[in-house]
Amino acid sequence: ADGYKKAVGHELWLVDGLQKDAVQNCWDARIDKKSGKGWECGFSLINGADKRNILCIEDRGTTGLNGTIFDTEPELTKILQKVSSGQRIEDLACFLNSNWSSKSNEEGGNRGRGKTLFLVASQSKKIFFESSRSSDNKYVFGEYYLDTSDKQVKFRLHYDNHGKDVFRSEFRNNIKPMSWHGTRVFIIDP
């Protein structure tokens, strides 16, 4: 985040960087790689059921967070090691780790610093996300957060109907789970 602050050089650096990286992530996941037909990326501010503000970043016409299904940090590490050797369809794993990217060293955004901005943009250092994957029609709901006790970024993942149940429990039916291929990121207390 400090790199963005220095590079952008004005007091709204976080808004500037967050918008740039969110739109770039959505664009990179578009289904129509040639022209982007049917692609959308939007931002909205939602008042949550428990009166907290939520910034929602939503895309459509995208693939969703495709890749291997996993639950634990050791499984994530094994998947990321495969990414280093050239495997490129591990969007979910790369989304959950800011030190790994499925992009080559020559491509912009290859280190994944933008995901860190989601946490920096949250006063509570927590985001939720949901994704409907085009590769297998699976649904994933996740939490990505800074654990204040050990200062480590951690995650929790839930899949398919259980994931939708956890989503509904978290958002108390104030927001409905997505029904299209794509991804939504919810920045808590922006």
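Since this is a predicted model, take the numbers as computed values, not measurements.

Caption draft 1: Spotlight on the pairing of strand 2 (residues 53-60). As paired elements, strand 1 (residues 40-47) and strand 2 share eight bridges and run antiparallel to each other. Bridge pairing links E40 to R60 in strand 2.

Caption draft 2: Inspection of the pattern of salt bridges at higher detail. Enumeration according to the criterion identifies 12 salt bridges in this entry. When the shortest N-O distance is used, the salt bridge between R184 and E58 registers 3.8 Å. In this pair, R184 is assigned in strand 6 (residues 182-188) and E58 in strand 2, connecting sequence segments 126 residues apart. Residue R184 is classed as buried on the basis of its relative accessible area of 7%.

Caption draft 3: Looking closely at the nonpolar core. Counting residues in each nonpolar core, the largest one holds 31 residues, and the members touching the most others are F70, L96, F118, L157 and I187. When residues no more than four places from it in sequence are discounted, the contact partners of L157 are F70, D71, L92, L96, F129, V140, F141 and G142. F128, Y139, F171 and I175 belong to the second-largest nonpolar core, a separate cluster that totals 12 residues.

Caption draft 4: Region of interest: helix 6 (residues 160-171). Its 12 residues give helix 6 an end-to-end C-alpha distance of 17 Å, which sits within 8% of 16 Å, the value for a rise of 1.5 Å per residue. Within helix 6, burial applies to G163, F167 and F171. For helix 6, the arc enclosing every buried residue in end-on projection is 55°, short of the 170-degree limit, so these residues lie on one face. For helix 6, the exposed residues lying more than 90 degrees away from the buried face are N161 and S169. For helix 6, the secondary structure elements touched by its buried residues are strand 2, strand 3 (126-132), strand 4 (139-147), strand 5 (152-159) and strand 6. One or two positions beyond helix 6, positive phi appears at R172, with a value near 50°.

Caption draft 5: Focus on the packing of aromatic side chains. This structure, assessed with the given rule, holds 12 aromatic pairs. Aromatic pair F95 and F129: ring centres 4.9 Å apart, planes at 65°, arrangement edge-to-face. Of the two residues, F95 sits in helix 4 (residues 91-95) while F129 sits in strand 3, which places them 34 residues apart along the sequence. Considered together, F95 and F129 belong to a single accessibility category, that of buried residues. Summarising the aromatic geometry, the rings of F128 and F141 are spaced 5.6 Å apart at their centres and angled 10° between planes, so their arrangement reads as stacked. Of this pair, F128 sits in strand 3 while F141 sits in strand 4, and the two are 13 residues apart along the sequence. When its relative accessible area of 2% is taken as the criterion, F128 is described as buried.

Definitions and limits used
- Residues numbered from 1 in each chain as written.
- Predicted model: local features only at pLDDT ≥ 70, side-chain atom pairs only at ≥ 80, totals over all residues.
- Heavy atoms only, no water.
- Pairing = 2+ DSSP bridges.
- Helix = DSSP H or I, 4+ residues; strand = E, 2+ residues; numbered from the N terminus.
- Salt bridge = Lys/Arg side-chain N within 4 Å of Asp/Glu carboxyl O.
- Buried < 20%, exposed > 50% of the residue type's maximum accessible area, 1.4 Å probe, protein only.
- Core = buried A, V, L, I, M, F, W, Y, C linked by side-chain atoms within 4.5 Å.
- Contact = heavy atoms within 4.5 Å.
- Expected span 1.5 Å × (residues − 1).
- Arc of directions from axis to C-beta.
- Phe/Tyr/Trp six-rings, centres within 6.5 Å; stacked < 30°, edge-to-face > 60°.

These values are about where atoms sit, not about what they do.
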